[in-house]
Structures are given as structure tokens and as C-alpha cells.
Amino acid sequence: MIDFHTHIIPNIDDGAYNDAIAREMIDEELQDEVHSIILTPHIRYKSDEFLSCQKLEDIFEDFYYKFKTKGVEFFLGGEIYYVEGVIDALLKNEIMTINKSKYILIEFNLFYEINNIRNVIADVVANGFKPILAHPERYAYVNVEKMREYRDLGAIIQIDSSSILGDFGRKPKKLAHKLLKRGLVDLISSDCHSVGTRRPNLKRTVEYITKKYGEDTAKTIFETNAKQILEEIKQR
């Protein structure tokens, strides 16, 4: 399997807070039969915590030296929090894309639609990027109709496994399942942050999806879609 959204790099954001936790998270991914991990620390452009491309590449080099693991491929990316100026910065190669490809993992405010997501997705796509929309089922202001529109505009819909399993509460779980029933989910990722409440859990999620929605649905999301996107990411 492929995990497109993780916070495993230690001491960089609100994910793993030391090397031991990072190692345990990688071991759990291996146990879940994950062979490719996209590392997506939070990227907050224009903030004091902004991680530049150079800084991320230096951190990744150190990470890879410490944590390279037989049977696992690591790819560097970032979870980009959208603010004004992000698209221009992407065009200037100032913000890390996934493996320096045209794919970006982009998130918006969880509680308020500060930016018009529809317009942002259209702009991102018009500028040649391929947006993976991070955990939109957790946004308080979206619904199935909006999600269908985002997808029609070119967004890839990525749902958190913990939303499906109910770990984020009733509302995200309900919307996640509505999207699954309507075939509007492209990717499911762990968005793992720790070995506590937000741990790697893709195998458990695959089993759940297979039982509830059938083997074909699970195969489309976890194999067909994921493999196709990963191949394009590798080609850059």
C-alpha cells in the first residue's frame, strides 16, 4: 500500500516528536503492508514556521540516513496550508511539491471557508498543478455537492482513515461515508501523527472498507488510484 499523507519526520511539526516515535510509526506502516510513504510535514507559507524547499531537503536527507528501511520507499512532500500567494510561490519553486512533481497536498481551514476553495482549485489546476485535497471531510463547511464540484474541477479527494473509522467524531465520519457511497473518494491516507490516537491504521481501514463497500471499492482506492498517482509522482 501507499500512504500519501503522513507526519512521521520527527521534531518538525505536530507529528512524531522524537526519533523513537518516528521509528515506531514506520514499523507500524510496515506491519500494515505499506511500501511507499509520502512524508508531508505542515508547510505554512509566510509564517515563522515556514519550511523552505532547501530546509526540507536538508531535513529529508538527515531523515533518510537515519530511517531508511528495507521494503519502504520515502518521498518528500508537504501539507500546504493555503494562504494568498501560495500559487505564485509554487510557480517560483519556493514551496515543496510531492517529490518535486506537479502534485501538491493542499489543506484549508477546518472551521471557516476563509478562501473560496472552488476558485483556488481552479487556479491551481490552471497553473499546471495537480491538487490532492487533504481531508475535506473534516471541513465544517463542506458537503457532498461541494465535494463533487471540487473533484470535477480537478481536485483529488483524500480522506483520512481515522475519519472513516470514527476517530474524529460523528460529522466527519458521516460525510466520509457519504462520499464513499457516491464514489467521490480518490485516496485514503492515514494522516498519522503518532503511535497514540493518530497512528498508522491503513490495514484496518482496508479491511473495514472491503467489508462495508466491497473488494472492488477497496481495490480502486488503495491500489488502482494510488498506484497511478504514485507512478506520475515518480516521473515528476
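Before going further, it helps to spend a moment on the sheet that holds strand E6 (residues 103-107). With respect to topology, six strands assemble into an open sheet ordered E3-E5-E6-E7-E8-E9, the strand pairing being parallel. Looking along the sheet, the strands with just one partner apiece sit at the ends: strand E3 (42-43) and strand E9 (187-189). Bridging between strand E8 (residues 156-160) and E9 involves three bridges; their strand directions are parallel. Within the sheet, the bridge partner assigned to glutamine 158 lies in E9 and is leucine 187.

Looking now at the nonpolar core. By size, the foremost hydrophobic cluster in this structure holds 66 residues, and its most contacted members are Ile8, Phe63, Phe108, Ile188 and Phe222. The element that contributes the greatest number of residues to this core is helix H2 (residues 53-67), accounting for five residues. When residues no more than four places from it in sequence are discounted, the contact partners of phenylalanine 63 are Ile8, Ile9, Pro10, Ile26, Leu39, Lys68 and Phe74. Counting 15 residues, the second-largest nonpolar core is a separate cluster that includes Tyr103, Leu105, Ile156 and Ile233.

On to the environment of glycine 169. Note on placement: glycine 169 falls in the loop between helix H6 (161-164) and helix H7 (170-181). Here glycine 169 falls in the partly exposed class, since its relative accessible area comes to 27%.

This next bit is on the environment of tyrosine 81. Tracing the backbone through its elements, the reader meets tyrosine 81 in strand E5 (residues 79-81). Since its relative accessible area comes to 17%, tyrosine 81 is described here as buried. Taking C-alpha positions, tyrosine 81 is 5.8 Å from phenylalanine 108, a pair spaced 27 residues apart along the chain. Here the side chain of tyrosine 81 touches asparagine 109 through a polar contact of 3.3 Å, side chain to side chain.

Taking 1.5 Å of rise per residue, 12 residues should cover 16 Å, and H7 covers 17 Å from first to last C-alpha, within 8% of that figure. Listing the buried residues of H7 in full gives Pro172, Leu175, Ala176, His177, Leu179 and Leu180. Looking one or two places after H7, you find glycine 183, whose phi comes out positive at around 70 degrees.

Quick look at the sheet that holds strand E2 (residues 36-39) now. Taking strand neighbours across the sheet as the criterion, the three strands line up as E1-E2-E4 in an open arrangement whose pairing is parallel. Unpaired on one side and paired on the other, strand E1 (2-6) and strand E4 (73-76) mark the two borders of the sheet. For this sheet, the mean angle separating the axes of adjacent strands, direction not counted, is 20 degrees. Relative to E4, E2 runs parallel, the two sharing four bridges. Looking at E4, one finds that leucine 39 is bridged to leucine 76.

All right, on to the pattern of salt bridges then. Tallying each qualifying case throughout the model produces 14 salt bridges. As a salt-bridge pair, lysine 130 and glutamate 232 come within 3.0 Å of each other at their nearest N and O atoms. Taken together, the residues span a long stretch of sequence, with lysine 130 in strand E7 (residues 130-134) and glutamate 232 in helix H9 (residues 215-235) at a distance of 102 residues. Owing to a relative accessible area of 25%, glutamate 232 belongs among the partly exposed residues under this scheme.

Conventions used here
- Residues numbered from 1 in each chain as written.
- Predicted model: local features only at pLDDT ≥ 70, side-chain atom pairs only at ≥ 80, totals over all residues.
- Heavy atoms only, no water.
- Pairing = 2+ DSSP bridges.
- Helix = DSSP H or I, 4+ residues; strand = E, 2+ residues; numbered from the N terminus.
- Core = buried A, V, L, I, M, F, W, Y, C linked by side-chain atoms within 4.5 Å.
- Buried < 20%, exposed > 50% of the residue type's maximum accessible area, 1.4 Å probe, protein only.
- Contact = heavy atoms within 4.5 Å.
- Polar contact = N/O pair within 3.5 Å; in protein donor to acceptor, adjacent residues only side chain to side chain.
- Expected span 1.5 Å × (residues − 1).
- Axes fitted to C-alpha atoms, helices over the stretch in contact; angles between N-to-C directions.
- Salt bridge = Lys/Arg side-chain N within 4 Å of Asp/Glu carboxyl O.

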